[in-house]
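Results of the structural survey
Single-letter residue listing:
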Amino acid sequence: MVLLLASSSALAYTPGRFYAVGHTQEKVIALTFDDGPGPITPPVLDFLKSHRIRATFFMEGTQVERYPKFVRDVATAGHEIGNHTYWHFDYHKLKHATPERLIHELRQTESSLRRALHNPRFRTQVVRMPYGYFNRRWLLPALKSEKYALVHWSYEKEGVPEMTSQQMAQAYIDHAKPGAIFLFHDGGRRREKTFETMKTVITTLETQGYRFVAAEDLLKE
């Protein structure tokens, strides 16, 4: 039932549209994870369950094939799954920046997700590009042709190695606002600091009246 709902949820997005923030005055923040699944996905899921939070996981095809059980765990918990391409190429590099390459990658990841979930009807509705790549010339038309929307983020602070988890957490907290979209990562190595940062951010902002939701719940039209 959970997998069926995940594959046939009501349309929350307009294909071909770019989203980077939710338009709301409520203290609601979308919680999103990239590059997974990975070794910290299980503890992330346990923490989210304990706080009754539904999040969005943008999954990379190679990681889906490496950790298929974690994909099923994410879906069974009721979280939203998005497409984060297959190889995580940097489309800022001209040799990668073609719609044909992107569409091929997206379809590869969809196939990997269907195999991992044992669900031939599963299909994501939303894409997050590696490294935040964006253009209106070919990217949005290509995504629209494949019936995807594009979701970016309003804040991310994991790419500063010299910062402690507490400093990183404070940076997120300082940028909290209604409709924000926070980016964390559950894929890749050495994500323990990310996990500690995320826990501090959530527990602190919840005391300030914020709720955390999946991107589709924030952006639903």
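Residues numbered from 1 in each chain as written. Predicted model: local features only at pLDDT ≥ 70, side-chain atom pairs only at ≥ 80, totals over all residues. Heavy atoms only, no water.

**Regarding the overall build of the protein**
- Each helix and strand in the protein was counted, giving nine helices and eight strands.
- For a compact globule of 221 residues, the expected C-alpha radius of gyration is about 17 Å, and the protein comes in at 16 Å, within 12% of that figure.
- Classification of the 221 residues of the protein by burial places 54% in the buried group.
- When contacts within the protein are restricted to residue pairs at least 6 apart in sequence, those whose partners lie at least 24 apart make up 77%.
- With the model as given, the accessible surface of the protein reaches about 10,600 Å², and the carbon-plus-sulfur share is 53%.
- The averaged location of the 24 negative side-chain charges in the protein is 3 Å from the averaged location of its 30 positive side-chain charges. (Helix = DSSP H or I, 4+ residues; strand = E, 2+ residues; numbered from the N terminus. Rg over C-alpha atoms; globule rule 2.2 N^0.38 Å. Buried < 20%, exposed > 50% of the residue type's maximum accessible area, 1.4 Å probe, protein only. Contact = heavy atoms within 4.5 Å. Areas by Shrake-Rupley, 256 points an atom, 1.4 Å probe, with all protein chains shown as cover. Lys, Arg positive; Asp, Glu negative; His and termini not counted. Charge placed at Lys NZ, Arg CZ, Asp CG, Glu CD.)

**Some details on the pairing of strand 7 (residues 181-185)**
- Extensive coverage of strand 7 is indicated by the burial of five of its five residues.
- In terms of strand pairing, strand 2 (residues 28-36) meets strand 7 through five bridges, oriented parallel. Considered in strand 7, the bridge of Ala 30 is made with Ile 181. (Pairing = 2+ DSSP bridges.)

**So, the nonpolar core**
- Grouped together as the largest cluster of nonpolar side chains are 37 residues, with contacts concentrated most on Leu 31, Phe 33, Leu 48, Phe 57, Phe 182, Leu 205 and Phe 212.
- When residues of this core are traced back to their parent elements, those giving at least two are strand 2, helix 2 (41-50), strand 3 (56-59), helix 4 (68-76), helix 5 (99-117), helix 7 (165-174), strand 7 and helix 8 (192-207).
- The leading source of residues in this core is helix 8, at five residues.
- Ignoring anything within four residues of it in the chain, the contact list for Leu 205 reads Ile 29, Ile 173, Ala 176, Phe 182, Tyr 210 and Phe 212.
- In terms of nonpolar packing, the next biggest core, distinct from the first, is built from 16 residues, Tyr 19, Trp 153, Ile 181 and Leu 218 among them. (Core = buried A, V, L, I, M, F, W, Y, C linked by side-chain atoms within 4.5 Å.)

**A look at the pairing of strand 2**
- Within strand 2, nine of the nine residues are buried, which leaves the element mostly enclosed by the surrounding structure.
- Taken together, the three bridges between strand 2 and strand 8 (residues 211-213) define a ladder with parallel strand orientation. Within strand 8, the position partnered with Ala 30 by the bridge is Val 213.
- Handedness of the β-α-β unit built from strand 2, helix 2 and strand 3 comes out right-handed. (Right-handed = clockwise from strand over helix to strand, strands pointing away.)

**Re the packing of aromatic side chains**
- For the coordinates displayed, the defined rule picks out 13 aromatic pairs.
- With 6.4 Å between their ring centres and 50° between their planes, Tyr 91 and Trp 138 make a pair best called tilted. Of this pair, Tyr 91 sits in the loop between strand 4 (80-83) and helix 5 while Trp 138 sits in the loop between strand 5 (126-127) and helix 6 (139-145), placing them 47 residues apart in sequence.
- Among the aromatic side chains, those forming a connected cluster through ring pairs are Phe 33, Phe 57, Tyr 155, Tyr 172, Phe 182 and Phe 184.
- Between Arg 101 and the ring centre of Phe 89, over which it is positioned, the NZ or CZ distance is 4.8 Å.
- Cation over ring: Arg 123 sits above Tyr 148, and NZ or CZ is 4.2 Å from the ring centre. (Phe/Tyr/Trp six-rings, centres within 6.5 Å; stacked < 30°, edge-to-face > 60°. Lys NZ or Arg CZ within 6 Å of the ring centre and 35° of its normal.)

**Quick look at unusual backbone geometry**
- Following Gly 36, the chain continues into Pro 37 via a peptide bond in cis, with omega recorded as 0°.
- At Lys 147, a residue that is not glycine, the phi angle is positive and equals roughly 65°.
- Of note, Lys 147 is situated in the loop between helix 6 and strand 6 (149-151).
- Given a relative accessible area of 61%, Lys 147 falls into the exposed group.
- For Arg 190, which is not a glycine, the phi torsion comes out positive at approximately 55°.

**Considering the pattern of salt bridges**
- Scanning the entire structure with this criterion turns up eleven salt bridges.
- Three or more residues are tied together by salt bridges with common partners; here these are Arg 54, Glu 216, Asp 217 and Lys 220. (Salt bridge = Lys/Arg side-chain N within 4 Å of Asp/Glu carboxyl O.)

Remember, this is a structural readout, not a statement about activity or role.
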